[in-house]
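One letter stands for each residue in the lines below.
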Amino acid sequence: MRYLPYILAGISVGGQYALIAIGYTMVYGILRLINFAHGDIFMAAGLIMIYLSGPLTLWLSLPLVLVLTVLLGFVVERVAYKPLRDAPRMSVMISAIGVSYLVQNVALYITGGLAKTYPTIPWVSDTINLFGAITKRVTVITPILTAVLIAGLVLLIKKTKIGMAMRAVSRDFETSRLMGIKINAVISVTFVIGSFLAAVGSALYFANYTAIVPTSGAMPGLKAFVAAVFGGIGSIPGAVIGAFLIGISENVIKSGGSGWTTFSDAFTFVLLIIILVVRPTGLFGEKQTDKV
Amino acid sequence: MLKIRDLKVNYGAIEAVKGISFDVPEGKIVTLIGANGAGKSTVLKAVSGLVKPKSGSVSFMDEDITSKDAALIVGRGITLVPEGRRIFSDLTVLENLKIGAFLRRDSLTEDLNWVFQLFPRLKERSWQHGGTLSGGEQQMLAVARALMSRPRLMMMDEPSLGLAPLIVRDIFDIIREINQRGVTILLIEQNANMALGAADLAYVMETGRITKSGPGSELLRDPAVKAAYLGS
Ligand SMILES: Nc1ncnc2c1ncn2[C@@H]1O[C@H](COP(=O)(O)OP(=O)(O)OP(=O)(O)O)[C@@H](O)[C@H]1O
Ligand SMILES: [Mg+2]
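Residues numbered from 1 in each chain as written. Chains lettered and ligands numbered in written order. Predicted model: local features only at pLDDT ≥ 70, side-chain atom pairs only at ≥ 80, totals over all residues. Heavy atoms only, no water.

Chemist: I keep staring at the overall build of chain A and nothing clicks. Help me out?
Modeler: Of the regular secondary structure elements, chain A holds 11 helices and four strands. Over its C-alpha trace chain A gives a radius of gyration of 19 Å, about what one expects of a compact globule, namely 19 Å for 292 residues. C-alpha atoms of chain A, sized along the principal axes, occupy 60 × 45 × 35 Å. Within the span of chain A, comprising 292 residues, buried residues form 52% of the whole. Within chain A, contacts between residues at least 6 apart in sequence are counted, and of these 74% link residues at least 24 apart. Here chain A has roughly 13,100 Å² of accessible surface; of this, 72% comes from carbon and sulfur atoms. Put simply, chain A has 21 plus and 10 minus side-chain charges, and the middle of one group is 5 Å from the middle of the other. (Helix = DSSP H or I, 4+ residues; strand = E, 2+ residues; numbered from the N terminus. Rg over C-alpha atoms; globule rule 2.2 N^0.38 Å. Buried < 20%, exposed > 50% of the residue type's maximum accessible area, 1.4 Å probe, protein only. Contact = heavy atoms within 4.5 Å. Areas by Shrake-Rupley, 256 points an atom, 1.4 Å probe, with all protein chains shown as cover. Lys, Arg positive; Asp, Glu negative; His and termini not counted. Charge placed at Lys NZ, Arg CZ, Asp CG, Glu CD.)

Here it is as C-alpha cells:
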C-alpha cells in the first residue's frame, strides 16, 4: 500500500508531538499559561544529549538527559514564572517568551551557531522493514512508548494523591491552599512531568534527524501547541488526539509528492485557524463558565 | 483558643479590616455578624493564612500563627468552610472529602463514616462529581470536607447563603452537633437571627471594626442590633 509508510511515519511523529503537547496542556491547565519556552526545552534536551553522548556512553547519557531536562524545566518555572504568580497573566506570558529566546540564545552561544549532529542511538535508530515499508525502529517504538507513558500519566492523575491535588489546584488555588496543598510544589510537579515527557519526545524525534540548531524546537513545539489547542487546551486526551491527527495528516499530505511536502507545515496552521474560528475551546476544551 | 489582636488587613489601598480584636473560647459557638463588606470574610482569610495581615496578631492555642503558611494552619487544626462553598466541581464527592484530609496520613474510615452519618445524602452520591450537586448538597459537602481535616476550630463563612429555610435549619442543627463533638465554631452569618440564636458569644462588625459583643441571646434582644440586622 502506497500510503502505509506515510501513515506509519505519521503515527510516530504524532506520538512525539503528543509527548510535547502534554507539557503545554498540563501547564495551561494549572497556570492558564502558554509556556512558550516548552519547545525550546525540548530542543535543549536534544542538545544536552549531543554534548553528553560525546564523553559518556549512551546508556548513561540517556537517563542524564532526562534528569537535566527535568531540572531545566523546574528551574525555569521557579525563576521565571513563580515570582509572577500574582502578576497579570500577560506578564507571565511575556516572561515565557523571554525564556524561549534566552534558551535559544544560550544554545546559539554554546553551539556557535553550527548545526550539531545528533548521535545515532543503536537499535532505536536501526532500519527495519515493517509490512514492506522501510523505516527506522523508532517509528515502532514511539507509539508504544507514548502509549505507556500516557497510561502512566493518566493513572497518576486519576488515582494518586498528588494527581488529585493537581486536579484541585488546576481549578481553584485558594481552596486548594485551604486543604493544606502546597500550590508551588504541585506546579513544580507539573513542570517536571512536562519536561520529562518532552525529553523522551526529544530523543525519539531527533533520532529521525541528523542535526540540531537552536531553533530546532520551534516547529515541533508549535505543532504540539496546535495539537493542544485542537484537543482543547487543558485536556490531556485532547492533546494526544490532536497530536496524532496532526502527525498523520501532515505525513499523508507529504505522500502527494514533493510539491505537497511544503504544504504539510501550512496544513497545521490552517487547522489552527479553522479551530479558533469554528470551535475555540477545541475538542474537549472546558467551557468558560466553571472558573469561580 | 483563638486570639485576634489589633488585626489590620489591606487589599492594596483598601483597608478591609481596620484593627479588630476578639477571642474565640474553646468549645463554644462564636458568631461574627455584620453588613456586606464589613470585612468578615477577610478576617477568616487572614486567620487561615490566605491573606497576609498588614499588622496585628493571630494566635491559636497560645501559638503565634500570624502570616503563617495556610498548610501549617490547617495542620494546627483550623479549617475554613469558605464563602460560596468552593467545592471542587470535577472531583467526585468522595475525592472532595479525601482532599479535605490532604495533610493526614492515618486512616480516614472513621471520619468518612461520621460525615456520611451527618450527611447521608453525600454517601448516596459519593461517586458523583461535586459540580453536579445541588446548592444545599454542596454546602453539606463543604462542611464535610472541612471536617475531614479533624479540625479543633471550624470557621464557617455564611453557610446559609442561598439556601432554603428548611435546609438552613438542618445546617444549624448539624453545626450544633459538630460543636457537641468538641469542635469549636466561628460562624459568619448574614442570617443574624439563626446565628445569634445558636451562638454562645457574638460579635458585631461594622466597616472593619468590632462595635458590639455579648452572648448571642443578649444581642438578639439589643434594639440597635435588631434594627440593623434583624429587620425589625
Ligand atoms: N480580593 C480583594 N481585593 C480587593 N478588595 C477586596 C478583596 N476582597 C475583599 N475586598 C474588599 O474588602 C472589604 C471587605 O470584604 P469582605 O469580603 O471581607 O467583606 P464581608 O464582610 O465578608 O462581606 P460579605 O458579607 O458581602 O461577604 C470590601 O470592601 C471588599 O470590597
Ligand atoms: Mg464575606
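Chemist: Whenever I open this one, the interface of chain B and chain A confuses me. Can you help?
Modeler: You'll often see interface size given as the accessible area lost when the parts meet. Across the boundary between the two partners, chain B contributes 24 residues, which contact 18 residues of chain A. In total, chain B and chain A occlude about 2,000 Å² of area from one another, counting both sides; carbon and sulfur atoms represent 61% of this. Across the pair B:Glu95 and A:Arg167 runs a salt bridge whose closest N-O atoms are separated by 2.8 Å. Taken together, chain B and chain A are joined by eight residue pairs in polar contact (both at pLDDT 80 or more). (Buried area = accessible area lost by both parts, 1.4 Å probe. Salt bridge = Lys/Arg side-chain N within 4 Å of Asp/Glu carboxyl O. Polar contact = N/O pair within 3.5 Å; in protein donor to acceptor, adjacent residues only side chain to side chain.)

Chemist: I keep staring at the site of ligand 1 and nothing clicks. Help me out?
Modeler: Residue and element names in this part refer to chain B. Around ligand 1 lies a shell of 14 residues, among which Lys40, Ser41, Thr42, Glu83 and Gln190 are the nearest. Here an oxygen atom of ligand 1 and a side-chain polar atom of Lys40 are 2.7 Å apart. In isolation ligand 1 exposes 640 Å². Once the protein is present, 64% of that is buried. Among the elements of the structure, strand 2 (14-24) and helix 1 (40-48) are those that each provide at least two residues to the shell around ligand 1. The greatest single-element share of the shell around ligand 1, amounting to three residues, is contributed by helix 1. Residues that form the shell around ligand 1 fall into these classes: five nonpolar, six polar and three charged. (Near = heavy atom within 4 Å. Nonpolar A, V, L, I, M, F, W, Y, C, P; charged D, E, K, R; others polar.)

Chemist: Which parts of the structure should I look at to understand the sheet that holds strand 10 (residues 209-214) of chain B?
Modeler: Two orientations exist for strands paired in a sheet by backbone hydrogen bonds: parallel and antiparallel. All names here are of chain B. Taking strand neighbours across the sheet as the criterion, the six strands line up as 6-7-8-3-9-10 in an open arrangement whose pairing is mixed. The sheet is open, and its two borders are formed by strand 6 (78-81) and strand 10, each paired with just one other strand. Shown here is a sheet whose adjacent strand axes are inclined to one another by a mean of 20 degrees, direction ignored. Summarising the sheet, strand 7 (residues 153-157) and strand 8 (residues 184-189) pair through five bridges and their orientation is parallel. Looking across to strand 8, one finds that Met156 is bridged to Leu187. Contacts from helix 1 reach strand 3 (29-34), strand 6, strand 7, strand 8 and strand 9 (201-206), with the element oriented near 145 degrees to strand 7. Along the sheet, helix 6 (residues 135-147) contacts strand 6 and strand 7; its crossing angle with strand 6, the most-contacted strand, is approximately 170 degrees. (Pairing = 2+ DSSP bridges. Axes fitted to C-alpha atoms, helices over the stretch in contact; angles between N-to-C directions.)

Chemist: I would appreciate a short explanation of the environment of B:Arg85 in the present structure.
Modeler: All names here are of chain B. Take Arg85: it is sitting in the loop between strand 6 and helix 3 (93-100). Looking at Arg85, the relative accessible area reads 12%, which means it is buried. In the structure, Arg85 is positioned 57 residues away from Ala142 in sequence and 5.6 Å away in space, judged by C-alpha atoms. Among residues more than four places away in sequence, those in contact with Arg85 are Gly135, Gln138, Gln139, Ala142, Arg145, Pro159, Leu161 and Leu163. A polar contact is formed between the side chain of Arg85 and the backbone oxygen of Leu161, at a distance of 2.9 Å.

The values are spatial; any link to function lies outside them.
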